[in-house]
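Residues per chain, in single letters:
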Amino acid sequence: MPEITFVKSALPKAGALVVLLAEGGNPSALHTALDEASGGAVGRALEAAGFKGRKGQSATVWAPAPGISKLVAIGLGAEGALTPDGAEAVGGAIWPLISAETEATLAADGVEMPVAVRVALGTVLRSYRFDLYRTMEKPEDKPKLARLAVAVDQPMAAKNAYAPFKAVAEGVFMTRDLVSEPPNILHPVEMAERCRALEKLGVVVEILTPKEMKKLGFGALLGVAMGSAIEARMVVMHWNGLGSAPAKGRAKKPAPAEKPICFIGKGVTFDTGGISIKPAGGMEDMKWDMAGAGCVVGLMAALAGRKARANVVGLVGLVENMPSGTAQRPGDVVKTASGQTVEVINTDAEGRLVLADVIHYAITKYDPKWMIDLATLTGAIIVALGHEHAGLFSNDDVLAGQIEAAGKATGELCWRLPLSDAYDKQIKSDIADMKNVGTRAGGSITAAQFIQRFVQGRPWAHLDIAGTAWATKDLPTAPKGATAYGVRLLDRLVADHFEG
Ligand code: BES
Ligand code: MN
Ligand code: ZN
């Protein structure tokens, strides 16, 4: 991750200089200084390039002044129209233009501080790379920029404002690393071990083995794991930051003596479908089927990393869904930790089985104020919403509204879908308390209805992230691949509604 430093505005002696310009806006002092140092060549070059500061527009002027390798001008669109959220996309657009440099300065003098900080965050988020398994890449093809100096009017204040975002970016990168790892490396046992990295941030990490889960009656989660040669795990990560000092610059409010909130993630490290096996084409994508769990782990890293004043428990159910002679069969009846029984009609509807037991555990052990689960649960949510919104389901209108708002504020959008008894009827079973699939109609909703049967009427929300957990093309603040959808959204939700 490139290091962000905030410096006083002065012309750099070397490297690239990035300037931001609104349509019809005035250039920053640094921009003007460089133009003067170039004897007016910068202004003439930008004019000749037709650079007007339109949104999404950029122009490069090579070697504009002694020592300076290039000037990159980025358009912000209409003057004053840039929101902090839009600022991240601007920051993201900067990265590919400067990543090959060894030094770069971003002229954010004259830009409002919340905007400058979010531009820097956008650049950092866009810089993510997962190159652990590339052994033949030439050094010249790798990005070189290790540090970005951001020139602002008040460097100390900007540094403090950026600090929590840096922790969030680290959480996002942790999630992306986990989700990107191949399934032979990142199996349930390995993923559980990686959660231990949170201990150095002050998170209490507890790993439960199949023996312990059997005692707890986790028949649904363990049923999914039956076909795999690798053991299942549940990881519980507890961050209680109620004693933490409030963030700098924030008014000290009394810490709420609160019950915890719980985040629960589906962690299927590979989903073959089990005996109800998936078709071969595209099956490799099912390594991402632990993205809900990956998000919970990165979220805990973000919250602990910025010392959030909140009591939060993250729980992930980790299994591999494989077909084998020991795999569960369609027609099996399993008993969940809640005592409710499930007829497993389709072994490929495994995520809800995992979540059922972990959610029950979260409720009985932690009595949460509210809980949110994240899961790459259904292909049907991609049919409904594509890759632009995650599916949101909730039994609590206030919580749902807060989640939608946090999504808009961070650009991680979600769209609420309904729940009702009519859908719930679809999962009645002839032999057990319920079956694990309905019909094809409303597949994402019946999946959510299944989960709702385990929340005991408590405030709960479910995010179906099957369409948003990874991207097949570059996004403004994420290269293609794992997006870490949900880390920013839920961090923001905690910050806005749950911190003292
Ligand atoms: N992990 C899949 C859902 C999924 C599909 C995620 C495509 C990302 C992309 C889930 O376990 C699954 O297989 N769901 C089934 C449910 C069906 C059997 C009721 C599905 O969506 O087809
Ligand atoms: Mn499946
Ligand atoms: Zn799955």
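Here's what I pulled together on the structure shown here. All values derive from a computational prediction rather than experimental measurement. (Residues numbered from 1 in each chain as written. Chains lettered and ligands numbered in written order. Predicted model: local features only at pLDDT ≥ 70, side-chain atom pairs only at ≥ 80, totals over all residues. Heavy atoms only, no water.)

**What about the coordination of the manganese ion (ligand 2)?**
Part 1: Each protein donor to the manganese ion (ligand 2) is listed here as D271 (OD), D348 (O), D348 (OD) and E350 (OE); together their distances run 2.0 to 2.2 Å.
Part 2: Bound by six donor atoms, the manganese ion (ligand 2) shows angles of 69 to 166° at the metal and therefore irregular coordination geometry.
Part 3: One chain supplies every donor for the manganese ion (ligand 2), spaced along it as D-x76-D-x1-E.
Part 4: Metal-to-metal, the separation of the manganese ion (ligand 2) and the zinc ion (ligand 3) is 3.1 Å; D271 coordinates the two. (Donors = N, O, S within 2.8 Å, 3.2 Å for Na, K, Ca; no water. Tetrahedral: all angles 85-135°; square planar, octahedral: opposite > 155°, others 65-115°.)

**Details of the site of ligand 1**
Part 1: Around ligand 1 there are 17 residues in total, and K278, D289, D348, E350 and G379 lie nearest to it.
Part 2: One nitrogen or oxygen atom from the side chain of D348 is found 2.8 Å from an oxygen atom belonging to ligand 1.
Part 3: For ligand 1, the accessible surface in isolation is 510 Å², of which the surrounding protein chains cover 78%. (Near = heavy atom within 4 Å. Polar contact = N/O pair within 3.5 Å; in protein donor to acceptor, adjacent residues only side chain to side chain. Areas by Shrake-Rupley, 256 points an atom, 1.4 Å probe, with all protein chains shown as cover.)

**Some thoughts on the sheet that holds strand 1 (residues 3–8)**
Part 1: Ordered in space as 1-6-5-2-4-3, the six strands form an open sheet in which the pairing is mixed. Each edge of the sheet is formed by a strand with only one pairing partner; in this case those strands are strand 1 and strand 3 (58–65). Neighbouring strand axes in the sheet, compared pairwise and without regard to direction, differ in orientation by 25° on average.
Part 2: Taken together, the six bridges between strand 1 and strand 6 (residues 147–152) define a ladder with parallel strand orientation. If you follow V7 over to strand 6, its bridge partner there is A151.
Part 3: Of the strands in this sheet, strand 1 and strand 6 are in contact with helix 5 (residues 155–180), which crosses strand 1 at around 155°. (Pairing = 2+ DSSP bridges. Helix = DSSP H or I, 4+ residues; strand = E, 2+ residues; numbered from the N terminus. Axes fitted to C-alpha atoms, helices over the stretch in contact; angles between N-to-C directions. Contact = heavy atoms within 4.5 Å.)

**Details of helix 1 (residues 29–37)**
Part 1: Taken as a whole, helix 1 has its buried residues at L30, H31 and L34. Summarising the axial view, the buried residues of helix 1 lie within an arc of 105°, below the 170-degree limit, and thus occupy one face. Facing away from the buried side of helix 1 by more than 90 degrees, the exposed set consists of A29 and E36.
Part 2: One or two steps after helix 1, the chain reaches G39, where phi turns positive at roughly 65°. (Buried < 20%, exposed > 50% of the residue type's maximum accessible area, 1.4 Å probe, protein only. Arc of directions from axis to C-beta.)

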